[in-house]
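Observations on the three-dimensional arrangement
Spelled out, the chains give:
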Amino acid sequence: MNGVGGGWDCSPCLTMGVGENPLTLGNSWTNRELQAFRACRNSYGRSFLPATCMSKDRLGHDKRARRIMPAVVPVPQALPKDASSMRVFVISDLHTDYTENMAWVKKISSATFKQDTLIVAGDVAETLKTFEKTMALLKDRFRHVFFIPGNHDLWCRNVGSEKHMHSLEKLRRILNICRNLGVETEPKLIKRVGIIPLFSWYHQSFDKEPDIPGYKFPPLKLVCRDFQACKWHSPCSNIGDKLAIYFDNLNLEFWAAVEELTSNADQIISFSHFLPRLELCPEKRMLFYPNLPKVVGSDYLEVRIREIHGLAGSPSACHVFGHTHFCWDATLDGIRYIQAPLAYPAERLRRINGGGDWLPFCIYNSDSGGLINGPSPFYWSQYYLMNKRDPSNIQLAPWVNQFYKAVPDKI
Ligand SMILES: [Fe+2]
């Protein structure tokens, strides 16, 4: 499920779910098989749990997962002490095309965050009208709002004049809306904290881990709705790394400001929609759609982040991202990477990511000494704290394996 009207998404919704009729996929994809794939990826429940976490207690709860990590721990949000206090909250993947998600945004307090800064790491809404309404609501609640577009924000399909628009034209209109609302889309210093939005797009060569052999997974172009819903024209194209390079180059326009910020700020927080590192996504064998890592991240983005925070990072180096709908809080090579998505109503209903009550997530509070203590007890990042990533293991996890039929080797 994705956006309003179904289709693929970057999220776990891309994946299949327990409780549906298992698919037994043969050598070719019939329309019926694809329909079944799309239908059953809407339901996955606890099937995302890693194999080591699959034992259940008598109520059906996962024992080990519960023991090692609550899905998300709500963070008490102390009010700022005075006007000099600085708090930064983050959220991604608001998807307010869903009425439940728009209702969630409307319910954000109009008083609590009046002095605060909010980072919105992409995928706000599919239509310009809903995007504008959402960002206006957020700007009304927070002192400063920063935004960078995600893939859904650039979809052009089925909505009046937008279906005739190109994604770059839509990007231009989105940035105009932000400018008119006072939403920041360029690097800016707020009370000694430098906040840096980074444009990015995914490229398939980002995925450098071995594919899972012996199965026929649905093709990316059928699963990933971006291939139909985004419309590109020269110099952009879906071929190779072209989109990733195009979006990376958009950052050059602001690079002088980035360099100025990095020399003047006490704290830098950069953010993007897409992933800068493959380690920020679960291994393929864990995913209901094992080819997901091909459409989630950008190596060019990680280069930008290292230019900002330094090759070795620092204790205060922090990058926020979105897109996969997996909560994450992990430090890799000296940089802390955080994802805090609202995600889809169905995901919250199943308490994936601990629901939505803990959002937006406060990552910086000057009254408490700056960046919050970490790592936060988010499911997958905690899993990889305790379990070494092993891409050489190409054995599908049992909750994935049940949906795919092995394709025998051709003799
Ligand atoms: Fe996304």
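Overview of the structure. Everything quoted here is computed from the prediction, not taken from an experiment.

Broken down by element type, the protein chain carries 13 helices and eleven strands. The buried share of the protein chain, reckoned over its 411 residues, is 47%. Considering only intrachain contacts with a sequence separation of at least 6, the fraction spanning at least 24 residues in the protein chain is 77%.

Once that is clear, we can look at the sheet that holds strand β2 (residues 117–120). Strand order in the open sheet formed by five strands is β3-β2-β1-β10-β11, with mixed pairing between adjacent strands. The sheet is open, and its two edges are formed by β3 (144–147) and β11 (370–371), each paired on a single side. Taken together, the four bridges between strand β1 (residues 87–91) and β2 define a ladder with parallel strand orientation. Note that in β2 the partner of Ile91 across the bridge is Val120. Against the sheet, helix α4 (residues 128–141) touches β2 and β3, its axis set at about 145° to β3.

Here we come to the nonpolar core. Counting residues in hydrophobic clusters, the biggest one holds 90 residues, and the most contacted among them are Val90, Ile91, Ile119, Val120 and Ile269. Aside from chain neighbours lying at most four places away, what touches Ile91 is Leu118, Val120, Ala340, Leu342, Leu359, Pro360 and Phe361.

The next thing to look at is the pairing of strand β5 (residues 193–197). Counting buried residues in β5 gives five out of five residues, a clear majority hidden from the surface. The side-chain alternation of β5 yields two buried faces, one formed by Val193, Ile195 and Pro197 and the other by Gly194 and Ile196. Pairing between strand β4 (residues 188–190) and β5: three bridges, direction antiparallel. From the neighbouring strand, Lys188 faces β5, where its bridge partner is Ile195.

Definitions and cut-offs
- Residues numbered from 1 in each chain as written.
- Predicted model: local features only at pLDDT ≥ 70, side-chain atom pairs only at ≥ 80, totals over all residues.
- Helix = DSSP H or I, 4+ residues; strand = E, 2+ residues; numbered from the N terminus.
- Buried ≥ 20, exposed ≤ 12 C-beta atoms within 10 Å, placed from the backbone.
- Contact = placed C-beta atoms within 7 Å.
- Pairing = 2+ DSSP bridges.
- Axes fitted to C-alpha atoms, helices over the stretch in contact; angles between N-to-C directions.
- Core = buried A, V, L, I, M, F, W, Y, C linked by C-beta atoms within 7 Å.

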